[in-house]
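An overview of the molecular structure
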Amino acid sequence: MKKIIIILFIFLASEYCWAKGSIDVGDGSVLYYDSGNLDPESLNGHARGLSITDDGEKVAEAESLVINSRSDSAIDSFKLTGFKLSESDDHPSLEIGSIMITDFPTIIFNNPEKLSEGYYNFGLEHKNFSFDISDISIEDKDFYLKIGSVSLPKILYVLSSAGNPYAKNSEFKINKLVGNAKPENIDAMPAHMVLAALGQEAFEFDFRVKANVDDRGLAFEMNTLMELSMKGGFGFDLNFKYNVPAELIVKLEGYAKQGYFNQESLQDDAAMQALGLNMLSELGSIQLSKIEILLQDKGLRKPLLLMLSSNLGMNEEETIQMAINALYSSLQAIIPQNVEKVEKSISEFLINGGKLKLTISPPNPVPIMAAGGLLMMPDLAIESLGVSLNHIP
């Protein structure tokens, strides 16, 4: 994997001297291109028909490369298309339709030490950073994996009421991640059985994380949404709302500016222990506002139930009843006052599918540490934190 990353980004390394036709990049590797014009100082330019050889053997190729940059510290835009990495004993084959990156810091390659010196805020130094990698294919003799796209759109920065920039909106997405083991891989037989029951040829997932931050003066109101779905299988959503005091943000930035997070400090066990205690105390000021967790059955419940019934030698109804009985016994020992209400929703989900929604919504925001303490007394936590579990047909 390390070699894959090196080959992918070898085109970005600013210390390499570009020459017409070929470039010796060291360690027996040579980069060739059929045509193009790249300025070795600013890295502005383009090239087509690229290939990389390792000890005389071709290991990777790309159709085109376009780079635009203002200086040698950051690349404004980078686009690589038609990348292919041949399979070897060390790694599977890799193909990528296109890689697009904006505002990328070249110090990661030519001066990585700067990242751990003092306070280097990647977000504020590179506000236009974004990437989109599309049409990814990874394959070897045992499995294949295809990804429609992996993207991080440009983060929206605005000024806080104190006049400081902060990230208001950000998002990360993986679209159409499709994969399966090869038919000849007998170790993956259970996975093939599940897919057959679902009527699917491969597992297909979509994933998204989205964050929104609002300045409320004394605190920042943060909302993080995570969505994971499997085609014909399930859906899982997590919506987490919490408040972070503005004073805490200032303190954390102060720690960074003082070098608490640089490489030397991170290797100092005593310093890290002291910082950890301080951080634990500071993080206690973060307040929980609301949590929503939604689990949706999109077809996976039925085949899993059938497989479990087959293994236990029971029919479907008997298996569900056994699960409900075991669930009731477990919950009765934990939440005796609320067991009936919780067990009813889970039972309906096991029998009928649909959606199961867990909500934690205290009347007023509570410190996360206090909320965690209440969980030691589950029945009290259910009442105090506004916990509910509902089945949605």
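Here the structure is a predicted model, which means the values were calculated and not measured.

Structural notes on the overall build of the protein
When you go through the protein residue by residue, the secondary structure sums to twelve helices and 17 strands. Expressed as a percentage of the 393 residues in the protein, the buried residues total 37%. Counting contacts in the protein only where the partners sit at least 6 residues apart, residues at least 24 apart contribute 56% of the total. Of the roughly 21,700 Å² that the protein leaves accessible, carbon and sulfur atoms contribute 56%.

Regarding the nonpolar core
Judged by nonpolar contacts, the single largest core of 26 residues is most densely connected at L50, F78, L80 and F83. Contributing elements (two or more residues each) for this core: β2 (29–38), β3 (45–54), β4 (57–68), β5 (74–85), β6 (93–105) and β8 (143–152). Core analysis: the next-biggest nonpolar cluster, separate from the first, contains ten residues, L327, I335, V339 and L356 among them.

With respect to a nonpolar patch on the surface
A grouping of L280, L283 and M369 is seen on the molecular surface, where their side chains present a nonpolar patch of about 260 Å² in accessible area. Structurally, M369 is set in helix α11 (residues 368–374). Under the relative-accessibility criterion, M369 is labelled partly exposed at 42%.

Considerations on the environment of R208
Along the polypeptide, R208 turns up in strand β11 (residues 203–215). It is 5.2 Å that separates the C-alpha atoms of R208 and E227, two residues lying 19 residues apart in sequence. For R208, the contacting residues outside a window of four places in its chain are E171, F172, K173, L225, M226 and E227. Here the side chain of R208 touches E171 through a polar contact of 3.1 Å, side chain to side chain.

As for the packing of helix α9 (residues 316–334) against helix α10 (residues 339–352)
Contact geometry of α9 with α10 gives a least axis separation of 10 Å together with a crossing angle of 155°. As far as their axial angle goes, α10 and α9 are roughly antiparallel. For the pair α9 and α10, the crossing hand works out as right-handed. Together, I320, A323, I324, L327, Y328, L331 and Q332 of α9 and V339, E340, V342, E343, I346, S347, L350 and I351 of α10 make up the contact between the two elements.

Quick notes on the pattern of salt bridges
Applying the stated criterion to the full structure yields 13 salt bridges. K141 serves as the salt-bridge partner of D142, at 3.1 Å between the closest nitrogen and oxygen. R208 is the partner of E171 in a salt bridge, and the nearest nitrogen-oxygen pair spans 3.1 Å. With E171 in strand β10 (residues 165–181) and R208 in strand β11, this residue pair connects regions lying 37 residues apart in the sequence.

What to know about the packing of helix α8 (residues 301–312) against α9
For the pair α8 and α9, the least separation of the axes is 9 Å and the interaxial angle reads 95°. Here α8 is positioned roughly perpendicular relative to α9, judged by the angle of their axes. Residue-level contacts link K302, L305, L306, L308, S309 and L312 of α8 to E316, T319, I320 and M322 of α9. A class-by-class count of the residues in the contact of α8 with α9 yields six nonpolar, two polar and two charged.

Let's talk about the environment of S77
In this fold, S77 is placed in strand β5. Taking the relative accessible area as the measure of exposure, S77 reaches 24% and is therefore partly exposed. Leave out the neighbours within four places in its chain, and S77 touches V66, I67, N68, I101 and T102.

Some remarks on the confidence of the model for the protein
Interpretation of the predicted coordinates at a detailed level should be avoided for regions scoring low in pLDDT. Taken as a whole, the protein shows an average pLDDT of 84; of its residues, 81% reach a score of 70 or greater. Confidence over residues 12–19 falls short of pLDDT 50; this stretch has 23 contacts with residues more than four positions distant or in other chains.

Notes on the environment of S134
By the element assignment, S134 lies in strand β7 (residues 130–139). Taking relative accessible area as the criterion, S134 reaches 13% and is therefore assigned buried. As a C-alpha pair, S134 and E95 span 39 residues in sequence and 9.8 Å in three-dimensional space. Not counting residues up to four positions away in its chain, the partners in contact with S134 are I96, G97, S98, I147, G148 and S149. Within the structure, the side chain of S134 is placed 2.8 Å from the side chain of S98, a separation counted as a polar contact.

Overview of the packing of aromatic side chains
Evaluation of the coordinates by the stated rule reveals six aromatic pairs. Ring geometry for F104 versus F129: centroids 6.3 Å apart, planes at 40°, classification tilted. Highlighted residues: F104 in strand β6 and F129 in the loop between α3 (122–125) and β7, separated in sequence by 25 residues. Of the two residues, F104 and F129, neither departs from the other in class, the shared state being buried. Members of the aromatic cluster, joined through ring pairs, are F104, F129 and F131.

What counts as what
Residue numbering note: each chain is counted from 1, following its sequence as written. This being a predicted model, a pLDDT of at least 70 is required before a residue's local features are given, and a value of 80 or more before pairs of side-chain atoms are given or counted; all residues contribute to the totals for chains, interfaces and linings. Only hydrogens and water are set aside; all other atoms, that is, all heavy atoms of the structure, feed into the side-chain values. The way it works is that DSSP assigns letters per residue, a run of H or I at least four long becomes a helix, a run of E at least two long becomes a strand, and they are numbered from the N terminus. The cut-offs for exposure are 20% and 50% of the maximum accessible area for each residue type, with area from a 1.4 Å probe on protein chains only; residues under the lower value are buried, those over the upper are exposed, and the others partly exposed. Note on contacts: a residue pair qualifies if any of its non-hydrogen atoms lie within 4.5 Å across the two residues. Areas reported as accessible are Shrake-Rupley estimates using a 1.4 Å probe. Residue values count occlusion only from the protein chains shown. Definition of nonpolar core: a set of buried residues of the types Ala, Val, Leu, Ile, Met, Phe, Trp, Tyr and Cys, connected through side-chain atoms within 4.5 Å. Patch definition: residues with relative accessible area over 30% and no salt bridge; like charges joined within 9 Å; nonpolar side chains (Val, Leu, Ile, Met, Phe, Trp, Tyr) joined within 5 Å. Put simply, a salt bridge is a Lys or Arg side-chain nitrogen that is within 4 Å of an Asp or Glu carboxyl oxygen. For this analysis, a polar contact is any N or O atom pair within 3.5 Å, provided that within protein one partner can donate a hydrogen and the other can accept it, and provided that sequence-adjacent residues contribute only side-chain to side-chain pairs. Axes here mean lines fitted to C-alpha atoms, for a helix over just the part in contact, with angles spanning 0 to 180 degrees between N-to-C directions. If an angle is under 35 degrees, it is roughly parallel; if it is over 145, roughly antiparallel; if it lies from 65 to 115, roughly perpendicular; otherwise it is oblique. The hand of a helix crossing depends on one turn: near helix anticlockwise from the far one by less than a right angle means left-handed, and clockwise means right-handed. Under this grouping Gly is polar, as are all residues other than the nonpolar Ala, Val, Leu, Ile, Met, Phe, Trp, Tyr, Cys and Pro and the charged Asp, Glu, Lys and Arg. Here pLDDT means the predictor's own confidence in every residue, given as a number from 0 to 100. Pairs were defined over the aromatic rings of Phe, Tyr and Trp, the Trp ring being its six-membered one, requiring ring centres within 6.5 Å. Orientation was assigned from the angle between planes: stacked under 30 degrees, edge-to-face over 60, tilted for the rest.

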